[in-house]
Amino acid sequence: MNECKQIKQTPLVSICVITYNHEKYIKQAVDSILSQKMSFTYEVLIADDASTDHTQQILRDNYSNIENVRLILREKNVGINGYMTYQEARGKYIYLCEGDDYCVGEDSIQTLVEWLECHEDYAGVCGRRITLSERTGLMTISYNTSQNNTEICLNDVLSGKAVIDMCAILYRNFYSDGKYDYRYYLASRKVSDITREIYVLLHGNIFQLGKIIGVYRSDRIRSASSYNVTNTRKMIFEEYTGLLVKLEELIGMKLEYKEIKKRYTSWYDNSLPSMYEFLKQIPYIQKRVGIAVTMDFIKKRMFKKR
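None of the values given here were measured: they were computed from a predicted structure.

**Quick look at the nonpolar core**
Formed by 44 residues in total, the largest nonpolar core has its most connected members in Cys16, Ile164, Tyr171, Ile198, Tyr199, Leu247 and Leu255. Here this core takes six residues from helix H6 (residues 193–202), the largest share from any one element. Residue contacts for Tyr171: discarding those within four places in its chain leaves Tyr86, Lys92, Tyr93, Ile94, Leu116, Ala123, Gly124, Arg196 and Val200. In terms of nonpolar packing, the next biggest core, distinct from the first, is built from 34 residues, Leu12, Phe40, Leu59 and Val125 among them.

Laid out in structure tokens, this is it:
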């Protein structure tokens with residue numbers, strides 16, 4: 001691992017940029033952070049998980065000698081880049097920006113910090129996001145505006161009542177408090193947002209502002225490094241439902257997540273028409289068993305209750 005510089009002053013905020021094969025986006029992501037007007041001490045940790053494209057070279061060429069910026073350029077892919085970076089964050093607060101997302105405006109992080117500094121009883125504060133489709137170039141606001149300026153608790157998330165924009169959140173740095181086992185990668189190496197979201201909410205509620213903080217890329221091209229485009233819907237469903245069971249073991253407590261599991265099940269169920277088409281190609285299913293009976297059996301097996 002190549003660490004280009006160390007920062008001695010203790011920062012109020014650690015801004016973590018997690019990246020892998022983001023050569024098309026990383027400069028926009030980092031520049032959007034450096035353009036923020038912040039009146040407090042901060043560090044920017046840019047951690048690349050041994051990208052196979054030109055991401056590391058772009059980082060060296062543009063950010064290796066900038067004050068408050070520390071490059072963590074891993075020589076081997078570790079798969080737990082986010083977790084390892086959070087462990088090195090020294091700030092009172094953590095703000096995360098994935099290497100293919102970016103901040104908007106100049107006062108986004110400042111707004112979050114000012115709010116959380118004045119509300120010590122909250123574990124974090126978040127804003128909202130804009131979704132950018134890479135395929136169409138369209139930017140949309142698809143979230144429920146009635147949830148702006150509201151308080152969100154753990155049960156709200158587990159019940160599916162609320163969804164937190166994790167690309168627009170500032171939360172207290174709890175990773176060294178020893179309260180829980182924070183090795184969330186043991187629950188899932190692929191799905192980190194929901195585990196990080198639950199860990200934050202285990203420490204207290206989150207307040208959701210109406211301010212747009214960041215831009216999240218969706219509909220990524222197949223060749224890009226993106227969880228949603230490199231995994232099938234079945235794989236994503238199994239990962240999301242499985243991690244909740246494993247997470248209970250890590251934190252040593254039961255989670256009431258039946259409702260959120262129903263939401264995942266419904267989401268996955270919408271992809272079942274493609275399975276119908278597949279079953280039509282099997283003569284035995286058509287003639288002897290029946291497609292409807294087979295589908296019912298599949299759903300019962302895959303969505304069986306805990």
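There's more to say after this.
**Re the environment of Val125**
Inspection of the secondary structure puts Val125 in strand E7 (residues 124–133). The exposure class assigned to Val125 is buried, which follows from its relative accessible area of 0%. Sequence separation between Val125 and Asn205 is 80 residues, and the spatial gap between their C-alpha atoms is 8.7 Å.

**Details of H6**
Here H6 lies mainly inside the structure; nine of its 10 residues are buried. Gly204 occupies a position one or two residues after H6 and carries a positive phi of about 150°.

**Things to note about helix H4 (residues 108–117)**
Counting buried positions along H4 gives seven out of 10 residues, so the element sits mostly inside the fold. By the burial criterion, the buried members of H4 are Ser108, Ile109, Gln110, Leu112, Val113, Trp115 and Leu116. Of the surrounding secondary structure, the elements contacted by the buried residues of H4 are strand E2 (13–19), strand E5 (93–98), strand E6 (102–103), E7, strand E10 (169–172) and strand E11 (206–218).

Procedures and definitions
- Residues numbered from 1 in each chain as written.
- Predicted model: local features only at pLDDT ≥ 70, side-chain atom pairs only at ≥ 80, totals over all residues.
- Heavy atoms only, no water.
- Core = buried A, V, L, I, M, F, W, Y, C linked by side-chain atoms within 4.5 Å.
- Buried < 20%, exposed > 50% of the residue type's maximum accessible area, 1.4 Å probe, protein only.
- Helix = DSSP H or I, 4+ residues; strand = E, 2+ residues; numbered from the N terminus.
- Contact = heavy atoms within 4.5 Å.

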